[in-house]
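Commentary on secondary and tertiary structure
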Amino acid sequence: MSGCCPGVQVGGAGKSCCPAAPKTAEAAPMGELLQGQHLGSDHDAVKASVQQYYGQELHSSSDLKTAACTSCKAPPPEIRAHLKDVPQEIKDRFYGCGTPLPLGITGLRVLDLGCGTGRDCYVAARLVGESGSVTGVDMTPEQLAVARKYVDSYTAQVLRYAKPNMRFVQGTIEKLEGIADASQDLIISNCVINLSPDKASVLREAYRVLAPGGEMYFSDVYCDRRLPKELRTHPVLLGECLGGALYINDFLRLAREVGFTDPRSLEAEPIAINDAELAGAVGEAKFFSITYRLFKIPGRLETLCEDYGQVAVYKGTLPGHKHAYALDDHHRFIANKPMLVCGNTASMVEETWLKPHFIVTGNRDVHYGQFDCGTPVTLSSQPAGGAAVRAWRRMLLNQATVGWKQPQQQWQQWQGGVRRGCEMNMDQGS
C-alpha cells in the first residue's frame, strides 16, 4: 500500500488514500435553497399558511402589519393613469411591493407569477395591446375569484378589445403546468417569490418558460442577512413577506445558478416595520423592496463584465422615457448620446425586447479585457482622444438620418485611434 503520491491508489482502482474534503459552512445555505429547504421541508404547510393569510386573514392592504406588501414608491405617471381604470376591489386587495410593469411592451406575451387579484395583469393587458397576451398564475382561490370577476367588463368597456387578452390560472409558481417551454417574452411578479418554499424551482421554471431574449422583471423583498429558521417560519413574518425574504447575495447566487448569469438591480427601497412586536423579533435585520431584471440570453451573458469596445445609443423611443432610459441602477442612457458598454449590456439592449429602441455598434471580435463596472459616463466628456471620440459620435448621429448603418471599417479605424490615444482614459458603464 502506498501513500499520497500522484498516480498512486489505495485499496483498488478509483479509491484515494486521502479523506474527502469537508463541506464548507458557506455551502449549507445555498444547499438549502437549491434543494427547496429554505422554509423547511414541509412545503404544503408553508403554502397552507400563505393561503390562510392571504385568503382569510387579509381583507385589504390596511390589514397589513408592515410596509413590505405595499408599494414603497409611486408608480410612473403612465402606470398611475392606467391604474385609475382598474376596478377598486382589485386594488383594495393588492399586496405588492413595487411596480414591475415596464412600458413599451406592445405585442409581448406576459406571465405574472403570483398575480393575486390581478392588478398588474389588468394594467399589463393594456400595455401589451390587443396583439399581446397576459397570463396570471396564483394558488389562492379567493384572490383568483376577484381577478376573474371583472375580465369581461374591463375588456369591453376600458380596453375595447374584441375579446379578452388576459386569463387567470390556478396553480403554483414552482411548477408552471400548462405553460410551454420558451412561450413567454416577459415575466413579472410583485412581492410573491419570497412566499415560495422552493425559490430555486420558481427561478428554474421562469427560465424554462421564457423565450430566448426574454426577461424576468420583478419586485420582491430581500434582507441584508440570512434570517434564522425561527424567523423564516414565523407565520406572520412569512405572510408579511419578511420571513421568506432571501439574503440579497444568496438571491444573486441562486439566479446565476439557474441560468440568469448577470442579474441587474433597477431600484431599491427600504421597508418599514410598523408593528413593535415584529420589529423586536427581527432585531437588526434590514429589509428592502428591490426590482430586479433577469435576462435569458443563452450563451451571451458572462459572469463578469467584459470590454469589446461596443457603443450603445438609446433612441428615446420608449414610452415614458423620451429623454433617458435606466436599464438598471447604474446604466442611465441619455437619448441619442453614445455610451461605451460591456458585452453583457450590449446584449441586453440588442438581443431582447429592447432591441427596437437601441443602436449597438461593434461586436465581440476583439476583446480588450475586463470592463470597469463603475458609474457610466457618456463619451462626450472624454479628456483624452477627444477629437476621435467626437468624430465617431458625429458619425453615429449623422447615420441616424440614413437608417443607422454601421460601417465596420470606420468603426475599426475609430476604435484603433481611441485605443492608441487614451487606452485607459475612456469613461465606461458596465
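Okay, so let's go over this structure.

Reading the values: rules and limits
Residues numbered from 1 in each chain as written. Predicted model: local features only at pLDDT ≥ 70, side-chain atom pairs only at ≥ 80, totals over all residues. Heavy atoms only, no water. Salt bridge = Lys/Arg side-chain N within 4 Å of Asp/Glu carboxyl O. Buried < 20%, exposed > 50% of the residue type's maximum accessible area, 1.4 Å probe, protein only. Helix = DSSP H or I, 4+ residues; strand = E, 2+ residues; numbered from the N terminus. Arc of directions from axis to C-beta. Contact = heavy atoms within 4.5 Å. Pairing = 2+ DSSP bridges. Axes fitted to C-alpha atoms, helices over the stretch in contact; angles between N-to-C directions. Parallel < 35°, antiparallel > 145°, perpendicular 65-115°, else oblique. Left-handed = near helix turned anticlockwise from the far one by under 90°. Phe/Tyr/Trp six-rings, centres within 6.5 Å; stacked < 30°, edge-to-face > 60°. Core = buried A, V, L, I, M, F, W, Y, C linked by side-chain atoms within 4.5 Å.

What follows covers the pattern of salt bridges. One pass over the structure, following the stated rule, counts 17 salt bridges. Between Asp224 and Arg225 there is a salt bridge, with the nearest N and O atoms lying 2.9 Å from each other. In this structure Asp224 comes out as partly exposed when scored by relative accessible area, which is 30%. The exposure class assigned to Arg225 is partly exposed, which follows from its relative accessible area of 35%. When salt bridges that share partners are traced, they join Asp181, Glu205 and Arg208 into one network.

Taken residue by residue, helix 7 (residues 151–159) has Val151, Tyr154, Thr155 and Leu159 as its buried positions. When helix 7 is viewed along its axis, its buried side chains cluster within an angular range of 100° and face the same direction. Of the residues in helix 7, the exposed ones pointing more than 90 degrees away from the buried face are Asp152 and Gln157. In this structure, the buried side of helix 7 is in contact with helix 5 (119–128), helix 6 (141–149) and strand 3 (166–170). Following helix 7 by one or two positions, Arg160 has its phi on the positive side, about 60°.

Right, let's talk about the sheet that holds strand 9 (residues 310–314) for a bit. An order of 12-9-13 is seen for the three strands of this open sheet, with the pairing classed as antiparallel. Only two strands of the sheet have a single partner each, and these edge strands are strand 12 (339–341) and strand 13 (358–361). Ignoring strand direction, the axes of neighbouring strands in this sheet form an average angle of 35°. Across three bridges, strand 9 lies against strand 12 in antiparallel orientation.

Turning to the packing of helix 5 against helix 7, a few remarks are in order. Packing of helix 5 against helix 7 brings their axes to within 12 Å, and their N-to-C directions diverge by 40°. The angle between helix 5 and helix 7 places the two elements in the oblique class. Both helix 5 and helix 7 take part in a crossing whose hand is right-handed. Here Tyr122, Val123, Ala125 and Arg126 of helix 5 come into contact with helix 7, specifically with Val151, Tyr154, Val158 and Leu159.

Applying the stated criterion across every chain yields a total of 12 aromatic pairs. Aromatic side chains Phe218 and Phe251 sit 6.0 Å apart centroid to centroid with 65° between the ring planes, which places their arrangement in the edge-to-face category. Of this pair, Phe218 sits in strand 5 (residues 210–223) while Phe251 is found in helix 11 (residues 248–258), placing the two residues 33 residues apart along the sequence. Residue class for Phe218 comes out buried when judged on its relative accessible area of 0%. The exposure class of Phe251 is buried, given its relative accessible area of 3%. Judged by centre distance (6.1 Å) and plane angle (70°), the rings of Tyr325 and Phe358 are edge-to-face.

Another aspect to go through is helix 8 (residues 199–209). Where burial is concerned, most of helix 8 is hidden: nine out of the 11 residues are buried. For helix 8, the full list of buried residues reads Lys199, Ala200, Ser201, Val202, Leu203, Glu205, Ala206, Tyr207 and Val209.

Let us now look at unusual backbone geometry. The phi torsion of most residues other than glycine is negative, and most of the peptide bonds are trans. In this structure, Arg160 takes a positive phi of about 60° despite not being glycine. Considering the arrangement of structural elements, one finds Arg160 in the loop between helix 7 and strand 3. Take Arg160: its relative accessible area is 67%, and that puts it in the exposed class. Even without a glycine there, the phi angle at Cys241 is positive, about 75°. Mapped onto the elements, Cys241 comes out in the loop between helix 10 (235–239) and strand 6 (246–247).

We now examine the nonpolar core. Tyr122, Met166 and Phe168 are the most contacted members of the largest nonpolar core, which totals 51 residues. Excluding residues within four positions of it along the chain, Tyr122 makes contact with Val86, Pro87, Ile90, Thr117, Ala147, Tyr150, Val151, Tyr154, Met166 and Phe168. Residues Ile179, Leu203, Ile290 and Leu294 belong to the second largest nonpolar core, which totals 31 residues.

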